[in-house]
Amino acid sequence: MKLVGIVAILVGIVFTLAGAYGLAGGTGITFTINERVVSAQEGGLVFSIVGVIVLLGGIAMSYIGFKFSWPTIFSIVIGLCSLIILAILFGMGYNLVAGIVALVFSCLFVATRARKIWNWMRARDIKLQIRRFKEFWNTFRRSKRGLFGVGILIFYIAIALAAPLLTPNDPIKGFYVSGDFAAPSWFRSIPGGENLTGNFQLTTEQGFPTITSLFQEWNLTASSSESGSITLRYDPNVGNGSASIVFRRKSSTVLAQKVEAHLTKEFPFPYGPPRRFSCNITLFAEGVEKVPVRVSFTIKQVGGNQSYPFFWSEKIENTTKTGVTPSPPIDSYDSDFKSRIGGDIWVDPAKIVFSEPANYTYDISILFIDNKEETIGDTFETIVYIDDLNVKLYGTAFGALGTDQLGRDIFAQFLYGARISLFVGLLAALLSVSIGLLVGIVSGYVGRFVDEILMRFSDMLLVLPVLPLLIVLIAVLGTSIMNLIVVIGMLNWMGFARVVRSQTLSLKERPFVEAAKAVGAGTFHIIARHILPNVLSLIYVSLALSVPSAITYEAAISWLGLYDPKVISWGRMLYDAQINEGIERLWWIIPPGISIALVSVSFILLGYALDEILNPKLRRRR
Amino acid sequence: MGLRTYVLKRTIYSFALVFFVLALNFAIFDLMPGDPTALFANQARLGGVEEAKAMQELWGLDKPVHVRFVVYMRNMLTGQFGVSYISMKPIADEVVDRLLNTFLLVGVSTIFSIIIGVVLGVVAAYKRGSIIDSLTVLSSLSTYSVPSFWLGMILLLVFSYRLHWFPSVGTTSFSAINPAPNTFVYITDKLWHLFLPTLTLTLFMYGGYLLLTRATMLETLTEDYIMTAKAKGLKQRTILFKHALKNASLPLITNAAISIGFLLSGAIITEQVFNYPGLGMWIWKAIDFTDYPVLHCIFFLIAISVIVANFIADLLYGVIDPRIKYG
């Protein structure tokens, strides 16, 4: 009873493909851990692992045979339960938990089948298999080129798998981790790069999370306080901890008129101007009906005479619990803000305000306007809460490879790009090899008019220019990575089909096929048991040799701008560099280009090495 | 089977291929999801729905499929190619310049890459196992696997942006055609613009020829007649290029014909890097504006050139190797 095994194989294939889709950045569920967006790719990884496990289980089952007994039913129930639970967990977005559950369940699954699998392995003489593999490895080890290829490949596979561990930044949605077009941060330590700046934040965390962070780092000064008193308090209940500046009248008969409080912090900034700066803040106010306030921010150079007030609020006269945020936003890229600082939108406020390496003072000033006669005699407090203070200076140097035109980490893009190249290359090669195998065997074994039709058709496809066809098809069908894989796979099988066909033609005439026919074996049996095992060695070689062209096509298509917007690939990085005049930034264009070449070369070398070992009869002098 | 039957058979087959390409070309654009009329009507430059409708009627997009197919076939087969949606001019007028530009680029780089590839391949085969051998093989393998657009970007960066030796855009400078078209100045200017794209394509292509020449040469060099030639005391160069290469060149011709398609693909990419106004740049503009008649035309022309190249290669077999039996 192999039905269950076959079903399991199908389920496994579906799972693997679904996982692969997620891995390629398909529309999946994203969620956040510690403010880091975990993409659908982790989920996809889990999915494909489960898929492969189920697939292997199915293959094992269909080989071993299947009998209804309690342990087997138990294992199937466990398997089904795990699938349902997994689906629910994925639906709720707990990818990591789902992964652990999947692992536990697959362990349980294997455990219930352990005895069967063990018996099967003994029957197959596992030792013989291992010895065969060892022999193969010993031959392979002598091929320097093959080892070199495998080494490069392992390196890139490691990069691709470990990308989330190697960088915390999202390659596509992680905008402005630093200033845009930042240079690599190691440029700062080589001559000529002294003026580059890193990221700088005025407060280590947003707002005033602790008492000490407020009172040790910030100073409060008040301008004229004969008739009004200003005190600084810490309020942990507003936001995630906020500074509150409290105004109180000293006398109950005299108005304090204008009292100005300054909350200042000095910070050293011994670098050149930053690329961009922004300042987020939220203000809450209480008791301002009686004493209205105005709030303004200023940055000035310590000892210098220039000061830049870059925000002054309207008069705040209503108590607000929801908070007031500056509008337009205080951001040196905002055009309103630019014109307020420099007069027109072509100036760069960051270069004006932070013109030279120096110590700067950040000044939040609050003006209490106590001039309403009717409020004399009332007892009240006017409080201004300052929350979510986040002054950020975006650097001009960042990470290992700098940032792109939207301030995204190029190093992260490079790491995640390895995934797409390998994924597209392998899957497209797998597809084209499968099609080629099918067409080749059918055409070679069945022969006659079927052969004629199939071969003429493949000749026709062989004549078509691949890249123009690819461009046109992707433009018409839509620029998704799956379309790309399918189209590349469909256009690349012809060469392999011919090789398989000629091999099948010669195998068909061999004595063992005749013998099988004589004892009454069917076509399917002969193909599966006699033809297929003998063309298997061709498959490995062809697989390795058709990966590079798929990788190059993907890169070319992405570079032309027909990239999948959901994923980043090396080709897309080069496209970004090209259209943003980034061609002079070597750190941007060298790593992806070299990597495309290296991965291609490694597959070519691997293919040649496999060819020499597996097909000694077909070996040509090289 | 005689030569005449063989030629006839190949001719009929090539014509069948042309019709297959024509049908496919129509099917891709007109039968695929993503209706061209809808895409076209959505273009912002058309004022309203009524204007869009008028345009559809003007281009015959409102007609049923079979009528459009007849019109399309007539356009393709008469070499008129219809009217471009973007420029509103007959494509036949616009295509000539671009086609010549692309053919110039492809032709020059094919010649160079074959010469370089064959010469280096022969040298590598002759000095088999030496450092020269491994260096040439390594260089061909690396330029072969480096993406051509990246190679172009690097060449552009070095020779155009940094050294300012060559221009980065176009086929002619404004100064060369504007005052008085001096033929000599014009030609040197064209060649000056052609240099970097050609270099890119040549570097991209020569590796394949090199590896192939080397492999077939290694096989040929072990043949008996080479031994005979050596025994007769012929010069090394005569043996290599007259005796061995002539016999080793058969696969080269097949490969050159097949790689025309490959080369045109490379040209599309290279033209994009250097803003070289050939078919490659045009295909791009046409895709951006869903200019289907232009896409039909470009795709048809590229496929036709590949088919013709294959046809010629088939015929050349017999001329170069009389042992070939036609069948």
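Engineer: Can you help me understand the nonpolar core in this one?
Structural biologist: Within soluble globular proteins, side chains that are nonpolar generally end up buried alongside one another. Ranked by internal contacts, the top residues of the largest apolar core, which has 152 residues, are V424, L470 and I471 of chain A together with L295 and I298 of chain B. Ranked by residues supplied to this core, first place goes to helix α10 (residues 410–446) of chain A with 19 residues. Sequence-distant contacts of I298 of chain B, defined by excluding residues within four places in its chain, comprise L279, W282, I283 and A286 of chain B. By size, the runner-up hydrophobic cluster in this structure holds 33 residues, among which are F284, V288, V384 and V391 of chain A.

Engineer: Honestly, the interface of chain A and chain B in this entry has me stumped. Any pointers?
Structural biologist: Interfaces are often sized by the accessible area lost when the parts come together. Tallying the contact residues gives 33 residues for chain A and 35 residues for chain B. Residue assignment for the side of chain A that touches chain B shows that the elements contributing at least two residues are α11 (448–463), α12 (466–477), α16 (523–559), α17 (570–579) and α18 (586–614) of chain A. Ranked by the residues each element gives to the side of chain A that touches chain B, the list is headed by α12 of chain A, at nine residues. Of the residues belonging to the side of chain A that touches chain B, the class tally is 25 nonpolar, four polar and four charged.

Engineer: Quick question: what am I supposed to make of the domain arrangement of chain A here?
Structural biologist: All names here are of chain A. Here chain A is described as being made up of domain 1 (1–130), domain 2 (148–183 + 407–622) and domain 3 (200–394). Taken over C-alpha atoms, the centre of domain 2 sits 59 Å from the centre of domain 3. The partner domain 3 presents four residues to the six residues of domain 2 that form the contact. A breakdown of the residues in the side of domain 2 that touches domain 3 according to their chemical character gives two nonpolar, three polar and one charged.

Engineer: Which parts of the structure should I look at to understand the sheet that holds strand β13 (residues 358–370) of chain A?
Structural biologist: Strand pairing in a sheet takes place through backbone hydrogen bonds and is either antiparallel or parallel in direction. Residues and elements named next belong to chain A. Across the sheet, five strands lie side by side as β4-β7-β13-β9-β10; this open sheet has antiparallel pairing. Each end of this open sheet is capped by a strand with a single partner; those strands are β4 (219–222) and β10 (307–312). Between one strand axis and the next, the sheet turns by 25° as a mean value, whatever way the strands run. Relative to β10, strand β9 (residues 293–301) runs antiparallel, the two being bridged by five bridges.

Engineer: Even after reading the chapter, I still don't get the environment of S600 of chain A, so can you show me in this structure?
Structural biologist: Relative to the assigned elements, S600 of chain A resides in helix α18. Residues S600 of chain A and L422 of chain A, spaced 178 residues apart in sequence, show a C-alpha to C-alpha distance of 9.8 Å. If sequence neighbours within four positions are ignored, S600 of chain A has contacts with P548, I551 and T552 of chain A together with S145 of chain B.

What counts and how
- Residues numbered from 1 in each chain as written.
- Chains lettered and ligands numbered in written order.
- Predicted model: local features only at pLDDT ≥ 70, side-chain atom pairs only at ≥ 80, totals over all residues.
- Core = buried A, V, L, I, M, F, W, Y, C linked by C-beta atoms within 7 Å.
- Buried ≥ 20, exposed ≤ 12 C-beta atoms within 10 Å, placed from the backbone.
- Helix = DSSP H or I, 4+ residues; strand = E, 2+ residues; numbered from the N terminus.
- Contact = placed C-beta atoms within 7 Å.
- Nonpolar A, V, L, I, M, F, W, Y, C, P; charged D, E, K, R; others polar.
- Domains from an automatic or database assignment.
- Pairing = 2+ DSSP bridges.
- Axes fitted to C-alpha atoms, helices over the stretch in contact; angles between N-to-C directions.

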